[in-house]
Amino acid sequence: MKLYQTYTSPFPTRVRLVLYAKGIEAEIIEPPGFHSSAESKGDYLKLNPIGRVPALVLDDGRVLPESEVICEYLEDAFPDPPLRPADPFARAQVRLISRLCDFYLVMAMVPLFNASGRSRKTWDPKRIAAALAEVETALGYIENHIGTEGYAVGTRLTVADGALLPQLVLAYEWAPKLFDAPSPLGRHKRLAAYWQKITSDPIAARLLKETRDAIAGEQAKARAAAHHE
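Quick notes on the rules
Residues numbered from 1 in each chain as written. Predicted model: local features only at pLDDT ≥ 70, side-chain atom pairs only at ≥ 80, totals over all residues. Heavy atoms only, no water. Salt bridge = Lys/Arg side-chain N within 4 Å of Asp/Glu carboxyl O. Helix = DSSP H or I, 4+ residues; strand = E, 2+ residues; numbered from the N terminus. Buried < 20%, exposed > 50% of the residue type's maximum accessible area, 1.4 Å probe, protein only. Arc of directions from axis to C-beta. Contact = heavy atoms within 4.5 Å. Pairing = 2+ DSSP bridges. Axes fitted to C-alpha atoms, helices over the stretch in contact; angles between N-to-C directions.

**Topic: the pattern of salt bridges**
Point 1. Inspection of every chain in the model, using the stated rule, returns 13 salt bridges.
Point 2. With a closest N to O distance of 2.7 Å, Arg14 and Glu68 form a salt bridge. Residue Arg14 is located in helix H1 (residues 11–22), and its partner Glu68 is located in helix H3 (residues 67–77); the two are separated by 54 residues in the primary sequence.
Point 3. Classification of Arg14 by relative accessible area gives buried; the value is 0%.
Point 4. For Glu68, a relative accessible area of 27% puts it in the partly exposed group.
Point 5. Arg84 is paired through a salt bridge with Glu72; the nearest N and O atoms lie 2.7 Å apart. On the criterion of sequence distance, the pair formed by Arg84 in the loop between H3 and helix H4 (88–116) and Glu72 in helix H3 is long-range, its members being 12 residues apart.
Point 6. Under the relative-accessibility criterion, Glu72 is labelled partly exposed at 28%.
Point 7. Here the salt bridges do not stand alone but share partners, grouping Arg14, Glu68 and Asp102 into one network.

**What about H3?**
Point 1. Taken together, the buried positions of H3 are Ser67, Ile70, Cys71, Leu74 and Glu75. The arc enclosing the buried residues of H3, seen along the axis, measures out at 135°, which places them on a common side.
Point 2. If you follow the buried residues of H3, they end up packed against H1, strand S3 (55–57), strand S4 (63–65) and helix H6 (159–178).

**Here we look at the sheet that holds strand S1 (residues 2–4)**
Point 1. The four strands lie next to each other as S2-S1-S3-S4, forming an open sheet whose pairing is mixed. Of all strands in the sheet, those bounded by a partner on one side alone are strand S2 (27–29) and S4. In this sheet, neighbouring strand axes are inclined to one another by 20° on average, regardless of whether the strands run parallel or antiparallel.
Point 2. Sheet topology note: the S3/S4 ladder contains three bridges and is antiparallel. Residue Leu56 lies in a different strand from S4, and its bridge partner there is Leu64.
Point 3. Those strands touched by H3 are S3 and S4, and its axis lies near 125° from that of S4.

**What about the side chain of Thr13?**
Point 1. Note that Thr13 resides in helix H1.
Point 2. According to the relative accessible area criterion, Thr13 is buried, its value standing at 0%.

**Re the environment of Thr122**
Point 1. By the secondary structure assignment, Thr122 is in the loop between H4 and helix H5 (125–143).
Point 2. Residue classification places Thr122 among the partly exposed residues on the basis of a relative accessible area of 45%.
Point 3. Placed 15 residues apart in sequence, Thr122 and Met107 show a C-alpha to C-alpha distance of 21 Å.

**Regarding the side chain of Gln93**
Point 1. Within the fold, Gln93 resides in helix H4.
Point 2. Owing to a relative accessible area of 15%, Gln93 belongs among the buried residues under this scheme.

Right, here's the structure in full:
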């Protein structure tokens, strides 16, 4: 199998969690044309016309886009160890955490992502402040449903952790630092407790390091580009 993805995008993270947790070997390929790159996406668009990451290419050449779909496929095809709880309500909680991340936290971040790709001179302070407030609101939604036993749901890793971890790096670390704002870390007690405990899981710690390293790499590229302007 081949996983086309980038480490900066939060969506492939949940797929890597499934691969790591299940011990599935897959070649990881970073296609061109994403994030600060000026390259064309080229042949990747033939593979995935949607033009987003991730996309999983199976051994027989069939392609699956969309992170949630990929995770569902891998869970069905490689059921051990399970990353979906057996209990129906807990399983629904996993889907809920992922949905809250994708539809509320990510969407709240969009104005910040857009601003980060432009010169600081063009930033609208009111719009950025409003976006940061929306991020905190979205975190509050997740606070109401986050687990209290060290993981997003239950006592072991699920795909909900893969959805949540990179988003919290962005909300707690990337956005406050870039936009000179206080971090929302600690304003939601259950989320803060989760954030502290989840680092003891080796797979979660690996995903966090990959996300932080990727963000640092993108920031270094941005600084170098600004220096040469």
